[in-house]
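Each chain, written out:
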Amino acid sequence: MPFDLGAVVPLATTVRDAAGALANAGAMQLHLSLPDSTTTTVAVAPASTGTYTYDYPSVQAGRHTVRWLATGINAGAYTDVFDVREATPPAILSLADAKKHLNKIGTTDDDEVRFWVEATTRAVEWFVGPVVVRTVTEMHDRPWARQIALLQAPVLAVTALNAVRSGGTSYTVDEFDVDNETGIVSRLDGGRIHGPLRITYTAGRRIIPAHFSAAARIILQHLWRTQQGPGRPQMGTDDYSVTEPIPGLGYAIPNRALQLLDPDRLPPGIA
């Protein structure tokens, strides 16, 4: 499961001798590759015979690569990865709401529930566009456009329109009209827009409609049920069956969740 940004990530590896018994290496180094391609290397002493641990305080969101390198006696190597969430990952449901819907009382499955809430959020937003409010920055390179269609709608507000190239034309926000539902941006004076531009805006819904939250709960319960595996207690009824996929969608979205989202479903060509 991903770690929260700023959380301490516990890393560990073991070393064994030719007979398979735990044994110390001559030396152990931990090489960390961060998401921005920077690297850090630390020497690690054994916590106990053949066992090496390191607590890494995360400072960047994204995929990290871990490489343990043992040299000298009992030489060897081990490579793994871990992910760190962005500081404010989009989540359509709180952990408390998700656990209540899944009838979870303890904290054992909290990290897994949060993971599936993030997956559920992406599934809902695939149909209806951004639900959780976020800041978006994107480049539009049409040089003489009458209008620009922002890629994530609904749009709450455009906050900056800056030239990408040196000497290019930047604009102030009050020079433009924004169609919030479609994300279409146009000049108030009717003129053309000189690009390319880097546009920053906020997208999403200030108030999340009840039918979005209801659909999210259905999708979450469905995804949770499908990943439990045979022989474990299953939730729900045959209404969540994964043997009858929606045409073109596969098995991830139950029909009744789709029916809840249909009134607000994005038209073709809108992402």
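Definitions and limits used
Residues numbered from 1 in each chain as written. Predicted model: local features only at pLDDT ≥ 70, side-chain atom pairs only at ≥ 80, totals over all residues. Heavy atoms only, no water. Core = buried A, V, L, I, M, F, W, Y, C linked by side-chain atoms within 4.5 Å. Buried < 20%, exposed > 50% of the residue type's maximum accessible area, 1.4 Å probe, protein only. Salt bridge = Lys/Arg side-chain N within 4 Å of Asp/Glu carboxyl O. Helix = DSSP H or I, 4+ residues; strand = E, 2+ residues; numbered from the N terminus. Pairing = 2+ DSSP bridges. Axes fitted to C-alpha atoms, helices over the stretch in contact; angles between N-to-C directions. Polar contact = N/O pair within 3.5 Å; in protein donor to acceptor, adjacent residues only side chain to side chain. Contact = heavy atoms within 4.5 Å. Phe/Tyr/Trp six-rings, centres within 6.5 Å; stacked < 30°, edge-to-face > 60°. pLDDT = per-residue confidence, 0-100.

Our next topic: the nonpolar core. Judged by nonpolar contacts, the single largest core of 24 residues is most densely connected at I92, V124, V128, I219, L220, I253 and L261. If you look at the next biggest cluster of nonpolar residues, it comprises 16 residues, including L32, V44, Y56 and A70.

This part takes up the pattern of salt bridges. Applying the stated rule across the entire model yields 10 salt bridges. D4 is the partner of R85 in a salt bridge, and the nearest nitrogen-oxygen pair spans 3.8 Å. In this pair, R85 sits in the loop between β7 (76-84) and α1 (95-101) while D4 sits in the segment before β1 (8-14), placing the two residues 81 residues apart along the sequence. What makes R85 buried here is its relative accessible area of 4%. The exposure class assigned to D4 is partly exposed, which follows from its relative accessible area of 30%. With a shortest N-O distance of 3.0 Å, K99 and D110 are connected by a salt bridge. Placement of the pair is K99 in helix α1 and D110 in helix α2 (residues 110-128), with a sequence separation of 11 residues. Residue K99 is classed as buried on the basis of its relative accessible area of 12%.

A few words on the sheet that holds strand β6 (residues 62-71). Here four strands make up an open sheet; going across it, the order is β3-β2-β6-β7 and the pairing antiparallel. Only two strands of the sheet have a single neighbouring strand rather than two, namely β3 (39-43) and β7. Within the sheet, the average angular offset between the axes of one strand and its neighbour, ignoring direction, is 20°. Relative to β6, strand β2 (residues 27-33) is paired through seven bridges, and the arrangement is antiparallel.

If you walk across this open sheet you meet the three strands as β8-β15-β11, and the pairing is antiparallel. The strands lining the two open edges of the sheet, one partner per strand, are β8 (134-140) and β11 (155-163). Direction aside, the axes of adjacent strands within the sheet are offset by 20° on average. Bridging between β8 and strand β15 (residues 197-203) involves seven bridges; their strand directions are antiparallel. Counterpart to H140 in the pairing with β15 is L197.

Before going further, it helps to examine the side chain of Q60. Here Q60 shows up in the loop between β5 (51-57) and β6. A polar contact of 2.7 Å, which involves the side chain of Q60, links it to the side chain of D36. Those residues in contact with Q60, other than ones at most four positions away along the chain, are L5, L34, P35, D36, T38 and V84.

Summed over all chains, the structure comprises five aromatic pairs. Relative to F82, the ring of F3 lies with its centre 6.1 Å away and its plane at 90°, an arrangement referred to as edge-to-face. Taken together, the residues F3 in the segment before β1 and F82 in strand β7 connect sequence positions 79 residues apart. Residue classification places F3 among the partly exposed residues on the basis of a relative accessible area of 26%. Overall, the relative accessible area of 7% leaves F82 in the buried class. Between the aromatic rings of F115 and W116, the centroid separation amounts to 5.2 Å while the plane-to-plane angle is 85°, which identifies the pairing as edge-to-face. Overall, the relative accessible area of 18% leaves W116 in the buried class.

Next up on the list: the confidence of the model for the chain. Of all residues in the chain, 89% have pLDDT values of 70 or greater, and the mean over the chain is 90. Of the regions scoring below 50 in pLDDT, residues 231-240 engages in 18 contacts with residues more than four places distant in sequence or in other chains.

Along the chain, T182 falls in the loop between β12 (176-179) and β13 (184-187). Each C-alpha atom of the pair T182 and A153 lies 5.8 Å from the other, and the pair is 29 residues apart in sequence. In contact with T182, not counting residues within four places along its chain, are L150 and A153. A polar atom in the side chain of T182 sits 3.3 Å from the backbone nitrogen of I184.

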